[in-house]
Amino acid sequence: MKWLIASDIHGSAVYCAQLLEAYQREGADRLLLLGDLLYHGPRNGLPEGYDPKAVLEMLNARKQDILSVRGNCDAEVDQMVLAFPILADYCLLDLGDRMIFATHGHHYNESNLPPLHQGDVLLHGHTHVPVCASRGTYLYCNPGSVSLPKENSYRGYMTLQNRRLTWRDLEGNLQQEFQL
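Computed from a prediction, not measured in an experiment: that's the story for all the values here.

### Some words on the nonpolar core
1) Next: Counting 25 residues, the largest nonpolar core has Leu4, Ile9, Leu19, Leu33, Leu37 and Leu59 as the members making the most contacts within it.
2) Next: Looking at this core, the elements that each hand over two or more residues are β1 (3–6), α1 (13–26), β2 (30–33) and α2 (52–60).
3) Next: Counting residues per element, this core draws most heavily on α1, which supplies 7 residues.
4) Next: In this structure, Leu59 is in contact with Ile9, Cys16, Leu33, Leu37, Ile66 and Phe84, ignoring residues within four places of it in sequence.
5) Next: If you look at the next biggest cluster of nonpolar residues, it comprises 19 residues, including Ile5, Leu32, Val121 and Tyr154.

In structure tokens form, the structure reads like this:
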């Protein structure tokens, strides 16, 4: 199975459309969203193409493909219009001998670790900065942001297939890879 993993759309219809084009181009089977789907939040400016209604229509059309966790900008009112569940704080992906703990990053993060075993992966968005870093006992990964990248990073996403993590910008250009 091939997963496309993305975070922090923040209501941008322009970049959500590009993300869904990448989903098609990648031939992914599932889309894992790490929160902050519709609202831009009080600390962020409006992203280009801010149109939460268009974003929810695009995402709802893919509801059967989407697994999502709740971000700090997601609320119960968002769940009322989205046709897939978004209010779980985390989800677990079982890789057999290790686990991926996927969350948004505002609760569980490197300052507040979830229960991880040797070799597990902490996967979260929230910072808007793509990362792949070994922390000794665990691997920390972040796909960055689809619409509001920070620290001079790119708008992008990750894929997971056959234990290979791949980071790409929205145009599909390879940024980095890591084999689990």
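### Re the pairing of β1
1) Next: Covered by surrounding structure in β1 are Trp3 and Ile5 together with Leu4 and Ala6, the residues of both alternating faces.
2) Next: Summarising the sheet, β1 and β2 pair through 4 bridges and their orientation is parallel. Across the sheet, the residue bridging to Trp3 is Arg30, located in β2.
3) Next: Of the crossover connections in this fold, the one passing from β1 over α1 to the parallel β2 is right-handed.
4) Next: Of the pairings in the sheet, the one linking β1 to strand β9 (residues 156–161) comprises 3 bridges and is antiparallel in character. For Leu4, the partnering residue across the bridge sits in β9 and is Thr159.

### Description of the sheet that holds strand β5 (residues 99–103)
1) Next: Strand order in the open sheet made by the 5 strands is β4-β5-β6-β8-β7, with mixed pairing throughout. The two strands at the open ends of the sheet, each matched to only one other strand, are β4 (90–94) and β7 (130–134). Ignoring strand direction, the axes of neighbouring strands in this sheet form an average angle of 20 degrees.
2) Next: In this sheet, strand β6 (residues 121–124) lies alongside β5 in parallel orientation, the contact comprising 4 bridges. Within β6, the residue paired with Ile100 across the bridge is Val121.

### Observations concerning α1
Since the α-helix advances by 3.6 residues per turn, residues separated by three or four positions end up pointing in the same direction.
1) Next: End to end, α1 covers 20 Å across 14 residues, agreeing with the expected 20 Å (1.5 Å per residue, within 8%).
2) Next: Of the positions making up α1, those classed as buried are Ala13, Tyr15, Cys16, Leu19, Leu20, Ala22, Tyr23 and Glu26.
3) Next: Close packing links the buried residues of α1 with β1, β2, α2, β9 and β10 (164–169).

Analysis parameters
Throughout this description, residue numbers start from 1 for each chain and increase along the sequence as written. Side-chain atom pairs in this predicted model are given and counted only at pLDDT of 80 or more, local residue features only at pLDDT of at least 70, and totals for whole chains, interfaces and linings cover all residues. Each side-chain value is worked out from all heavy atoms of the structure, with water and hydrogens disregarded. By convention a nonpolar core is built from buried Ala, Val, Leu, Ile, Met, Phe, Trp, Tyr and Cys residues, the set being connected through side-chain atoms within 4.5 Å. Each residue is assigned to one of three classes by its accessible area relative to the maximum for its type, calculated with a 1.4 Å probe on protein chains only: buried under 20%, partly exposed between the two thresholds, exposed over 50%. Each helix is a run of DSSP H or I of at least 4 residues and each strand a run of E of at least 2, with the numbering of both proceeding from the N terminus. Contact between two residues is taken to exist if any of their heavy atoms lie within 4.5 Å; hydrogens are not considered. For two strands to be treated as a pair, DSSP must find no fewer than two bridges joining them. Looking down the strands as they point away from you, a crossover is right-handed if its path from the first strand over the helix to the second goes clockwise. To get an axis, fit a line to the C-alpha atoms, keeping to the stretch in contact for a helix; angles then go from 0 to 180 degrees between the N-to-C directions. A helix is expected to span 1.5 Å for every residue after the first.

By themselves, these figures tell us nothing about what the structure is for.
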